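# Residue-level structural notes
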Amino acid sequence: MARERSGLTHIDASGEANMVDVGDKDETVRIAVAEGSVRMRPETLALIREGNAKKGDVIGTARLAGIMAAKQTASLIPLCHPLMLTKVSVDITEDPDLPGLRVEAMAKLSGRTGVEMEALTAVSVACLTIYDMAKAVDREMEIGGIRLLAKSGGRSGDYRRREQD
């Protein structure tokens, strides 16, 4: 079987993309946490902090966009299963060292497949929303560092990203 040779779960024996059958997996509580950031000029960060962006509440809108995106992941990523998420949270914090905003998202459910893609999608769309809402004053913003921090539950067990410099 191609999966056994390649290790890729979404490739069938003939090398074609397919949706994984999760019907035989146990239902477990599954949680995933992802992060990303938007680097910007200090003046842009101050504008957002003070609530003076022309489009309105950047952080609140980005948080809502991330939550909505997590719920739509299966519509955006072709081989993702539609999931009944039980919790999605998006936290956006100021980081003067970037300077910019750090985004962290958590997705949770009780089910047969993981929620890593939902957490990563939430972070990605929240970061894109920040960019969209502040691009009129800072087109040099950079979105980066989008990655999985941790996941728990399921057959493969727990994962936690090792601390790196």
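What comes next is a walk through the structure.

### Topic: the overall build of the protein chain
Broken down by element type, the protein chain carries five helices and five strands. Structurally, the protein chain occupies a C-alpha span of about 55 × 30 × 30 Å along its principal axes. The buried share among the 165 residues of the protein chain stands at 38%. When the accessible surface of the protein chain is summed, it comes to about 9,900 Å², and 51% of that surface belongs to carbon and sulfur atoms. Computing the positive centroid from 23 side-chain charges and the negative centroid from 25, the protein chain places the two 2 Å apart.

### A short note on a nonpolar patch on the surface
A surface patch of nonpolar side chains, amounting to about 240 Å² of accessible area, comprises L128, I143 and I146. Relative to the assigned elements, I146 resides in strand β4 (residues 142-152).

### Quick notes on the environment of A126
Among the structural elements, A126 can be located in helix α5 (residues 116-134). Owing to a relative accessible area of 0%, A126 belongs among the buried residues under this scheme. For the pair formed by A126 and G36, sequence separation is 90 residues and the distance between their alpha carbons is 9.1 Å.

### Examining the environment of G154
Within the secondary structure layout, G154 lies in the loop between β4 and β5 (159-160). Taking the relative accessible area as the measure of exposure, G154 reaches 24% and is therefore partly exposed. Spatially, the C-alpha atom of G154 lies 18 Å from that of L120, the residues being 34 residues apart in sequence. When near neighbours in sequence (up to four residues on either side) are disregarded, G154 contacts T28 and R30.

### Description of the pattern of salt bridges
In the structure shown here, the tally under the stated rule is eight salt bridges. Residues D132 and K55 are paired through a salt bridge, measuring 3.3 Å at the closest nitrogen-oxygen approach. Of this pair, D132 sits in helix α5 while K55 sits in the loop between α2 (42-49) and α3 (58-71), and the two are 77 residues apart along the sequence. Given the relative accessible area of 33%, D132 is considered partly exposed. The salt bridge partner of D132 is K135, with a shortest N-O separation of 2.4 Å. Overall, the relative accessible area of 25% leaves K135 in the partly exposed class.

Scoring rules and cut-offs
Residues numbered from 1 in each chain as written. Predicted model: local features only at pLDDT ≥ 70, side-chain atom pairs only at ≥ 80, totals over all residues. Heavy atoms only, no water. Helix = DSSP H or I, 4+ residues; strand = E, 2+ residues; numbered from the N terminus. Buried < 20%, exposed > 50% of the residue type's maximum accessible area, 1.4 Å probe, protein only. Areas by Shrake-Rupley, 256 points an atom, 1.4 Å probe, with all protein chains shown as cover. Lys, Arg positive; Asp, Glu negative; His and termini not counted. Charge placed at Lys NZ, Arg CZ, Asp CG, Glu CD. Patch = residues over 30% accessible without salt bridge, like charges linked within 9 Å, V, L, I, M, F, W, Y side chains within 5 Å. Salt bridge = Lys/Arg side-chain N within 4 Å of Asp/Glu carboxyl O. Contact = heavy atoms within 4.5 Å.

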